[in-house]
Structures are given as structure tokens and as C-alpha cells.
Amino acid sequence: MHETSTVSIEKLKALIELNIRMNSNYGDSHALLVSILESVMYMVKCESSSLLLVRDEDGLLRFEIALGPKGEEVKQFIVDRNSIAGWVVENNKSFISNKVSEDSRFNNQIQNKTSYVTRNMIAIPMRIKGECIGVIELLNKHNNEDFTDEDLLILELLGEQAAICYQNSKKYNQNEEQLHILKNAVNSGKDYHTFVAKNPAIMNLLQNIDEASLTNSSVLITGESGVGKELFAEQVHLRSSRNGKPFVRVSCASLNPSLLESELFGHVKGAYTDAVSNRKGRFEMADGGTIFLDEIGELPYSLQSKLLRVLQEKKFERVGSSETISVDVRIIAATNRNLEQMVQEGTFRGDLYFRLNVLPLNIPPLRERKDEISIFSNFFLEKFKSEVHKEFLGFTEQASKALYSYMWPGNIRELENTIERACIVGHPPLIQFADLRLPEVNAKVVSSTTANEFSKDLLSKEDKTLKSALNAFKKYYITNILDECNWNQTQAAKILDIQRTYVSKLMLELGIKK
């Protein structure tokens, strides 16, 4: 009896110490939750533990943390609701069993794939304001012993603390993100965009940018229209030693090809009819700093050799002049086109492509970084609500789900336009689903029935390459947009958030006809 009392006092002390630790640091929620699981494993004396969170998009459970012999292997699995963890979520109740294999709720899918046999288990719900947001599981008590009611009590006490800790840490990190956004906006100044990111792939890209910024090598940024390639170009400049020098932007698609050479390299008086005085080009303006050549794939072939010379020799002549000008400029280029294919087709110089592609950065589309939709949406909401003088507090649950499930063919630019429009037409305190006015055509494209039929049709074709599938989807999607606009290409271009000339070009390339 005395021994049992001593053990309980030790566990109580451990609980108090852990509670103090949990409430003293919210900076790293993952590390805190790992600490909680490690402590409970020590107190209860079991082999494995895990924390699963309910996914917003489909209600399935993913492993946030998995500790034990198969911890890393287990984290790759998604847990179905037809499981013990699913039962805990559905019923918002704790579970304890010392003969798990005999329980009808036990799903042995993970056990079969990992060969780790679950003998006994405790699982408890993680609740925030009464709602179950996740499950904490303990597996296999040491020395083949049974789990006890005392073990369950300890886990339930820690489960409540873990939920509070998770919620506080989440709020803390949201505040930190907002503070980071504000600091970034101040540090970047009015000439640069605020950079917002949290996706692991984007954070890795920023690390690559930090490494690239230590050199003066050219950078080629690729990605779909609207992913924010210009913002990444700004980061390359701002994180480099050239950040105090000019950052000059040039859109190779928006300028008339006949004027682009003069715009880039300048001209002298009399070079052509309207050249009434000498004029510096963008390269001279960027001397000592960085020039950003957006939509480099649209650069006329005739100018590509001159750009190659600037890359290799840092020299050029103004239009109408034989005087050679030397500049120290770092070149960052961006495109949403496949330059390798253009090289094969003979529309883009191979030597220029290789000189530009020294440090490549590929920006993933928004549909591959959906964890950033929430932070982008809130950022744009804060930006536009002040412009329209409306005190929006956030989004309804239906609006949030719509933002998450939409495919965003126009990526972040389309999301920004959507939130701006919602702020204009909506009424506080919350943005409603109807305020988003997402294109109905997209709902048709992504509906499960249409998507399945579309996929089956693609898989039935002889050409099953990704390129072929993407072109088929582009053709299908653009055709639907044009139908919606009564084949008004200007209006379609606005919805697609691309230039009208590019719509015509895509129609020609993809064989789209009315």
C-alpha cells in the first residue's frame, strides 16, 4: 500500500512539472506535444504512443506525432474513421482494451504493413471547446502487463492539457506569423511585396534562395501564372549584398517587341523616328543591382543573342550606337512556359537557356501548398477590409471549406482577387460562401463525377504522359471558361488572370475552337 502511494505521488509530481513546462513555452507546438507523449509513456510505461489530428478536408486522421519502434514508418499512413481512433472521434469518448485484436473496432491495416503487433491500447480524445480535434493513443504496456484505470486517468489528465497547449501554441504561432508579415512589410518597404509563407516546400526554397543570394549567378524561376514568381525574385535581391541597389522589373510580354530592345538597352537620339533624345535602358538603370526579366519565354528570338552577350560579357550597345556600355547586373528571369521544349522547337536559344538556368527555382502551384490558403486568405482579408472600410472578422465555415477545396487555376493571384471581390460585395462580420463568387465552371470540373469521368477518359488514351494529361485539362478548362464568357477572349483572359494574347496562343496550341 505504501509503495502504491509513493508511485502515485511520483506521478503527480511528474504531472505538475510537465504542466509547468507546457505553460511556459508555446513557441514550438510540435516539440511540446512530443514532450507530453514522452512523459506519459514514462509514467504509464508503454512501448509506443501517437497523436493523430483530424484533417479538415475529409475528416480522416493523420499522424502528427508517432513515437516507438515503428514511429517514422507509421507517420506515412492516413487512418480511416473505421478504426479505434475513428470511434474515439465519432463518440468523443476514451477507449481502453487489453485484448485489442478481439475488438471489432480494431483496424489491422497498419499492423499488417508494419508487422508491429498491437496487444493493448488506450486512446483518448483531444478536445477544444468540447469538440474532438484529435486522438492520443498509447500501445503495448511493458512486460506484457495490462493497462489500468489509473493509466487511463493519467492520460486523460494529460490529454486535456495537451489540447489546451495545442490551442494556445496555435494562437501563439498565428500571432507570430502576423507579426512576421508586418515586420516584413516594414523591412521590404513600399517598393516590394510582403512575403508570406509557411509551406515546408516554400521554406526549403527560401533556404535555396539564401544560398543563391551569396553568389551573383543568374536565377531562373519557373512556375504557373499567379504563383508569385516576382515575389521570389524580390527575395533573391533583398537577401543578397545587392539589396541596397536598384531592383528593376521588366515584363517581356507586356512590351511591344519592336520597343523591347530600346526598353532593355536604351537608345541614342535619332535611332528611330520617335527617338528625340538619348535614353538609358533598364540594364543601365539596374547597374550594381538586379534586373528581373518576367515572362522571359516571350523574349523575341532576335533579342536573345544580345541578352546572352550581357550575361556572358556584361556589355551591350544602345540602339543606334556603336559605343559599348559595361554594367554589373545580376539577372533573374521567370517564366510559366517550358523553355526546354522551346529550345527543342527552336524558339528559344539553348545557350541562353543554360546561362539563365544556373540556379533554378521552381515554385509549386497553390493546389500543392493548400496549407497556405488560410494564411493567404487572412492576409488578403486584412489588406482589403481596410481599403473598403469594413470590419470583417473572418470567414464562415462554408466559405473556408470552399477556399480550401477550390483548385485555384490562377493560383495566389486568383485567390487575392477573390478575397478583394468578397470584401467589396460582402457584409461584416464574416465573409460568406456566396461572397467568394467562385466560378461555377470550376465546380463542374472538380465535382467527383466529372473528375472521375475525365480521369477515366485520359487513362483510356494511348498517350498517358503527364504533359498530355495537363494539356487535356487545360483545353477542357479553357473551353468551359470561354463558353461561360460567350467566347469573349478579353473577358476569359480576366477570369483566367492571363493576357488576352496568351489566351489566343493557348487556343491555337491546344486546338480550341468555338
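Since the model is a prediction, treat every value here as computed from it, not as a measurement. (Residues numbered from 1 in each chain as written. Predicted model: local features only at pLDDT ≥ 70, side-chain atom pairs only at ≥ 80, totals over all residues. Heavy atoms only, no water.)

1. Remarks on the overall build of the protein
So, point 1. Per the secondary structure count, the protein includes 22 helices and 15 strands.
So, point 2. Of all 514 residues assigned to the protein, the portion counted as buried reaches 45%.
So, point 3. Sequence separation of 24 or more characterises 66% of the internal contacts of the protein that already satisfy a separation of 6 or more.
So, point 4. For the protein, the accessible area works out to roughly 27000 Å², and carbon and sulfur atoms hold 50% of it. (Helix = DSSP H or I, 4+ residues; strand = E, 2+ residues; numbered from the N terminus. Buried < 20%, exposed > 50% of the residue type's maximum accessible area, 1.4 Å probe, protein only. Contact = heavy atoms within 4.5 Å. Areas by Shrake-Rupley, 256 points an atom, 1.4 Å probe, with all protein chains shown as cover.)

2. A closer look at the sheet that holds strand 13 (residues 359–362)
Backbone hydrogen bonds hold the strands of a sheet together, and the pairing may be parallel or antiparallel.
So, point 1. Read from one edge of the open sheet, five strands run 8-9-12-7-13, paired in parallel fashion. Across the chains shown, the open sheet's two edge strands, defined by having one partner strand only, are strand 8 (247–251) and strand 13. Strand-to-strand twist of the sheet, defined as the mean angle between neighbouring strand axes without regard to direction, takes the value 15 degrees.
So, point 2. Pairing analysis gives four bridges linking strand 7 (residues 219–222) to strand 12 (residues 330–335), with the strands arranged parallel. Its bridge partner being in strand 12, Thr222 is matched across the sheet by Thr335. (Pairing = 2+ DSSP bridges. Axes fitted to C-alpha atoms, helices over the stretch in contact; angles between N-to-C directions.)

3. A word on the nonpolar core
So, point 1. Phe380, Leu403, Trp408, Leu415, Ile419 and Leu436 are the most contacted members of the largest nonpolar core, which has 40 residues in total.
So, point 2. When residues of this core are traced back to their parent elements, those giving at least two are helix 14 (373–388), helix 15 (397–405), helix 16 (411–425), helix 20 (466–484), helix 21 (489–496) and helix 22 (500–510).
So, point 3. A total of seven residues in this core trace back to one element, the largest contributor, which is helix 14.
So, point 4. Residues contacting Leu403, with those up to four places away along its chain left out, are Ile373, Ser377, Phe395, Trp408, Leu415, Ile419 and Leu436. (Core = buried A, V, L, I, M, F, W, Y, C linked by side-chain atoms within 4.5 Å.)

4. Quick notes on the packing of helix 7 (residues 200–212) against helix 8 (residues 229–238)
So, point 1. Two numbers describe how helix 7 lies on helix 8: the axes approach to 10 Å, and their chain directions differ by 40 degrees. By the angle between their directions, the pair helix 7 and helix 8 is classed as oblique. Crossing geometry of helix 7 relative to helix 8 is assigned as right-handed. Of helix 8, the residues touching helix 7 (which contributes Ile202, Leu205, Leu206 and Ile209) are Phe232, Gln235 and Val236.
So, point 2. Of the residues that constitute the contact of helix 7 with helix 8, the class distribution is six nonpolar, one polar and no charged. (Parallel < 35°, antiparallel > 145°, perpendicular 65-115°, else oblique. Left-handed = near helix turned anticlockwise from the far one by under 90°. Nonpolar A, V, L, I, M, F, W, Y, C, P; charged D, E, K, R; others polar.)

5. As for the packing of helix 9 (residues 257–265) against helix 11 (residues 301–313)
Think of two packed helices as two axes; the pair is described by the angle between the axes and how far apart they sit.
So, point 1. One way to put it is that helix 9 packs onto helix 11 with a least axis distance of 11 Å and a crossing angle of 15 degrees. Taken together, the axes of helix 9 and helix 11 lie roughly parallel to each other. Our pair here, helix 9 against helix 11, has a crossing hand that is left-handed. Taking contact as the criterion, the partners of Leu260, Glu261 and Phe265 in helix 9 are, on helix 11, Leu303, Lys306, Leu307 and Val310.
So, point 2. In the contact of helix 9 with helix 11, the residues fall into five nonpolar, no polar and two charged.

6. Here's the deal with the side chain of Glu414
So, point 1. For Glu414, the location among the structural elements is in helix 16.
So, point 2. Comment: no salt bridge for buried Glu414; closest opposite-charge side chain is Arg421, at 6.6 Å.
So, point 3. In contact with Glu414, not counting residues within four places along its chain, are Tyr406, Trp408, Pro409 and Asp497. (Lys, Arg positive; Asp, Glu negative; His and termini not counted. Salt bridge = Lys/Arg side-chain N within 4 Å of Asp/Glu carboxyl O.)

7. Here's the deal with the pattern of salt bridges
So, point 1. By the definition in use, this model includes 24 salt bridges.
So, point 2. A salt bridge links Arg282 to Glu263, with the nearest nitrogen and oxygen atoms 2.9 Å apart. With a gap of 19 residues between them, Arg282 in helix 10 (residues 282–285) and Glu263 in helix 9 connect regions that are remote in the sequence. We note that Arg282, like Glu263, is buried.
So, point 3. Two residues, Glu416 and Lys383, come together in a salt bridge whose shortest N-O distance is 2.8 Å. On the criterion of sequence distance, the pair formed by Glu416 in helix 16 and Lys383 in helix 14 is long-range, its members being 33 residues apart.
So, point 4. In this structure, a network of salt bridges that share partners links the residues Glu298, Arg337, Lys505 and Glu509.

8. Thoughts on the sheet that holds strand 3 (residues 78–79)
So, point 1. Reading across from one edge, 3-2-1-6-5-4 is the order of the six strands in this open sheet, with antiparallel pairing throughout. Lying at the two open borders of the sheet, with one neighbouring strand each, are strand 3 and strand 4 (95–97).
So, point 2. Of the strand pairs in this sheet, strand 1 (residues 46–54) and strand 6 (residues 131–141) are connected by seven bridges, and their pairing is antiparallel. By the bridge assignment for strand 6, Leu51 is matched with Ile136.

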